[in-house]
Amino acid sequence: MNFSPIPAILKDFSKPFKSNGFELYAVGGAVRDFCLGKKNSDFDFATDAAPNDVKRLFPKVIPTGIKHGTVTVLFKGEMFEVTTFRTENGYVDCRHPDSVEFVSSLEEDLKRRDFTINALAVKIPDPKIIDLHGGLPDLKNHLIRCIGVPHDRFMEDALRMMRACRFSSQLGFEIESATFDAICELKDNIKFVSLERIQEELSRIIMSSNPRKGIEALSRSGLLDLILPELAACRLVQQLGYHHEDVYYHSLSALDAAASRDWSLEVRLAALLHDIGKPPCQEKAENRYTFYNHEIAGAKMTKELLRRLKYPNSVIDKVSTLVRNHMFNYTPDWTDGAVRRFILRCGKDNVDDILRLRLADQLAMSGNCINPNVDQLESRIKAIESPSLTVNDLALTGDDLKAMGLKPGPVFSEIKEFLLQQVLDRPELNTKEQLSQIAQKYISNRH
Ligand code: ATP
Ligand code: MG
């Protein structure tokens, strides 16, 4: 297989390497994604040039990770990460190599990489894809497989277990069985990975187009119990009644629904977590279970869980508010006052996302996303929130008030303000006839 056509900018970038006797390879995600026909212009490069050599080759070089052999070259408006071929030694903390050693061959460098599909390389400008670890057949068979002995590779760096689940989710691939068995065996080592990195991988799973696959990989391997025990506790929690799935699978279906509509990280997190309050609130009723106040328990648990995973406060606040308010029960007989109170309770900036969460929840429950009630609530919220009417939009004018025998003055604004309040509550009152009647009544009550 060939990586072609090679973009002109990559050919230009390789020239200074070549003319100084060095090799330049594109490696990692961009080559993998090219083979899958996916766009990825985030190139990682490997070279036999030492970081100081690279510094000499280009005028603008940032020493981003120079200790590990990585520099960033600013080239024709792009930022290219270039890493000197290296091996890694000793990983006493199950996460970072104790030392790295620069080596002269690509072969050595590719061995330290995590998965076969991430160890494809292209020697720029030759488009031939170099595959020393069977990455191309694994790509074809949709498999995530460790390079070398999986147990050893996960012992070196426990983050790779999360990465395996993440790539499985992003690419829709299976984790090859020996690789998967090693994750099951070594899952407890996830404690050596920083919560920030766990959060990052989890978010990438959630933001992928097939998040169920990644969460299921976490669940089946036992990692879910360690990083999201609140969600793991939803497995096998039966609901009956309207629900055909247990709480865990319902949550995955809601997340899938949010992903299929390309909704934000916050809505997807809320879809995944909206029912985590159910297990502690479950009670048996005749032929079903009840979960009273699970949204209150769930919002509290969501806050703690997202805090633990070091999500930013803006995400924590938004997601817990969504979870807290997901149980509203709109019916068309809600007055405008009730709609306003709903907006107030949720917060103006959250209502759209709360309606999305409701649709995701419903889609998960019934496979049906048509909900005239939610549509109606949405348009009523829009009408209420739209830059609403002002006194100038009233069907009754100052001239009309004069014609009713009133003298212009502060009382005019008082009446108009009162009329406006009536019209905001009931727009159909905005006719000359009805407003003049209301104005008459207002004046006589005022005296
Ligand atoms: P993407 O950028 O789409 O997330 P990627 O495969 O490019 O995917 P990066 O994190 O950018 O992933 O890493 C670039 C390459 O470096 C990987 O393809 C892999 O070869 C190697 N790599 C990254 N992290 C690790 C790790 N923890 N252990 C071993 N190799 C790794
Ligand atoms: Mg990359």
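This is a predicted model, so every value here is computed, not measured.

J.: Give a description of the overall build of the chain that names residues and reports values.
T.: Helix and strand counts for the chain come out as 23 helices and 13 strands. Computed over C-alpha atoms, the radius of gyration of the chain comes to 30 Å, more than 25% over the 22 Å expected from 2.2 N^0.38 for 447 residues, which places it beyond the range of a compact globule. Expressed along its principal axes, the backbone C-alpha trace of the chain runs to roughly 100 × 60 × 35 Å. Here the chain, with 447 residues, has 50% of them falling under the buried criterion. By sequence separation, contacts in the chain at least 24 residues apart represent 65% of the contacts at least 6 residues apart. Counting every atom, the chain has about 21,600 Å² of accessible surface; 51% of that belongs to carbon and sulfur. Charge centroids of the chain, computed over 59 positive and 62 negative side chains, lie 3 Å from each other.

J.: Can you tell me about the site of ligand 1, naming the residues and giving the values?
T.: As a structural note, the neighbourhood of ligand 1 is formed by 16 residues, with Arg32, Asp157, Arg160, Arg166 and Arg204 the closest of them. Gly29 places a main-chain nitrogen or oxygen 3.0 Å from an oxygen atom of ligand 1. Within the contact set of ligand 1, an oxygen atom lies 3.1 Å away from a side-chain nitrogen or oxygen of Arg163. Contact with the protein chains hides 80% of the accessible area of ligand 1, taken as 580 Å² for the molecule alone. Secondary-structure elements contributing two or more residues to the shell around ligand 1 are helix H2 (29-35) and helix H7 (159-171). For the shell around ligand 1, the leading source of residues is H7, giving four residues. Split into classes, the residues belonging to the shell around ligand 1 amount to one nonpolar, four polar and 11 charged.

J.: Talk me through the pairing of strand S8 (residues 120-123); I want residue IDs and the actual numbers.
T.: Where strand S1 (residues 24-27) meets S8, three bridges bridge the pair, whose relative direction is antiparallel. In the sheet register, Val27 faces S8, and the bridge partner there is Ala121. In this sheet, strand S9 (residues 129-131) lies alongside S8 in antiparallel orientation, the contact comprising three bridges. Looking across to S9, one finds that Ala121 is bridged to Ile130. Adjacent in sequence and paired antiparallel, S8 and S9 are bridged by five residues.

J.: Any chance you could break down the pattern of salt bridges for me, citing the residues and the numbers?
T.: Per the stated rule, a full pass over the model turns up 34 salt bridges. Its salt-bridge partner being Arg56, residue Asp53 comes within 2.6 Å of it at the nearest N-O pair. You can see Asp53 and its partner Arg56 sitting in helix H3 (residues 51-57), three residues apart, about one turn around the helix. Residue Asp53 is classed as buried on the basis of its relative accessible area of 17%. Between Asp114 and Arg163 there is a salt bridge; the shortest N-O distance is 2.7 Å. Highlighted residues: Asp114 in the loop between helix H4 (106-111) and S8 and Arg163 in helix H7, separated in sequence by 49 residues.

J.: If you had to explain helix H1 (residues 8-19) to someone new, which residues and values would you point to?
T.: Spanning 12 residues, H1 covers 17 Å between terminal C-alpha atoms, matching the ideal 16 Å at 1.5 Å per step. Considered for burial, the residues of H1 that qualify are Leu10, Phe13, Ser14, Pro16 and Phe17. Mapping the buried residues of H1 onto a view down its axis gives an arc of 150°, with all of them on the same face. Across H1 from its buried face, at more than 90 degrees, point the exposed residues Ala8, Lys15, Lys18 and Ser19. Tucked inside the fold, the buried residues of H1 contact S1, strand S2 (44-47), H3, strand S4 (70-75) and strand S5 (78-84).

J.: Let's hear about the sheet that holds S4: which residues, and what values?
T.: Spatial strand order, S3-S4-S5-S2-S1-S8-S9: seven strands in an open sheet with mixed pairing. The open sheet has two edge strands, strand S3 (61-65) and S9, and neither has a second partner. Each strand axis lies, on average, 35° off the axis of its neighbour in the sheet, ignoring direction. In the packing of H1 onto the sheet, the strands contacted are S1, S2, S4 and S5, and the crossing angle to S5 comes to about 45°.

J.: Report on the pairing of S2, specifying residues and quantitative values.
T.: Relative to S2, S1 runs antiparallel, the two sharing four bridges. For Leu24, the partnering residue across the bridge sits in S2 and is Thr47. Here four bridges tie S2 to S5, and the two strands are oriented parallel to one another. Paired with Phe45 across the strands is Val82, a residue of S5.

J.: Help me get a handle on the domain arrangement of the chain, residues and values and all.
T.: According to the domain assignment, the chain contains domain 1 (8-133), domain 2 (142-227) and domain 3 (391-446). Using C-alpha coordinates to define each centre, domain 1 is positioned 24 Å away from domain 2. Listed by partner, the interface residues are 21 residues for domain 1 and 23 residues for domain 2. Carbon and sulfur atoms supply 59% of the area buried between domain 1 and domain 2, which totals about 1,700 Å² over both sides. Summed over the three residues of domain 1 that lose the most area to domain 2, namely Cys94, Arg95 and Phe115, the buried surface amounts to 41% of that side. For the pair domain 1 and domain 2, the interface holds two salt bridges. The interface formed by domain 1 and domain 2 contains 10 residue pairs in polar contact (both at pLDDT 80 or more). Residue assignment for the side of domain 1 that touches domain 2 shows that the elements contributing at least two residues are H2 and H4. For the side of domain 1 that touches domain 2, a count of residues per class yields seven nonpolar, four polar and 10 charged.

J.: If you had to explain the packing of helix H13 (residues 247-260) against helix H19 (residues 351-366) to someone new, which residues and values would you point to?
T.: One can describe the packing of H13 onto H19 by two numbers: an axis separation of 8 Å at closest approach and a directional angle of 120°. It follows that H13 is oblique to H19 by the angle criterion. For the pair H13 and H19, the sense of crossing is right-handed. Taking contact as the criterion, the partners of His250, Ser253, Ala254, Ala257 and Ala258 in H13 are, on H19, Ala360, Asp361, Leu363, Ala364 and Met365. A per-class count over the contact of H13 with H19 returns seven nonpolar, two polar and one charged.

About the thresholds
- Residues numbered from 1 in each chain as written.
- Chains lettered and ligands numbered in written order.
- Predicted model: local features only at pLDDT ≥ 70, side-chain atom pairs only at ≥ 80, totals over all residues.
- Heavy atoms only, no water.
- Helix = DSSP H or I, 4+ residues; strand = E, 2+ residues; numbered from the N terminus.
- Rg over C-alpha atoms; globule rule 2.2 N^0.38 Å.
- Buried < 20%, exposed > 50% of the residue type's maximum accessible area, 1.4 Å probe, protein only.
- Contact = heavy atoms within 4.5 Å.
- Areas by Shrake-Rupley, 256 points an atom, 1.4 Å probe, with all protein chains shown as cover.
- Lys, Arg positive; Asp, Glu negative; His and termini not counted.
- Charge placed at Lys NZ, Arg CZ, Asp CG, Glu CD.
- Near = heavy atom within 4 Å.
- Polar contact = N/O pair within 3.5 Å; in protein donor to acceptor, adjacent residues only side chain to side chain.
- Nonpolar A, V, L, I, M, F, W, Y, C, P; charged D, E, K, R; others polar.
- Pairing = 2+ DSSP bridges.
- Salt bridge = Lys/Arg side-chain N within 4 Å of Asp/Glu carboxyl O.
- Expected span 1.5 Å × (residues − 1).
- Arc of directions from axis to C-beta.
- Axes fitted to C-alpha atoms, helices over the stretch in contact; angles between N-to-C directions.
- Domains from an automatic or database assignment.
- Buried area = accessible area lost by both parts, 1.4 Å probe.
- Parallel < 35°, antiparallel > 145°, perpendicular 65-115°, else oblique.
- Left-handed = near helix turned anticlockwise from the far one by under 90°.

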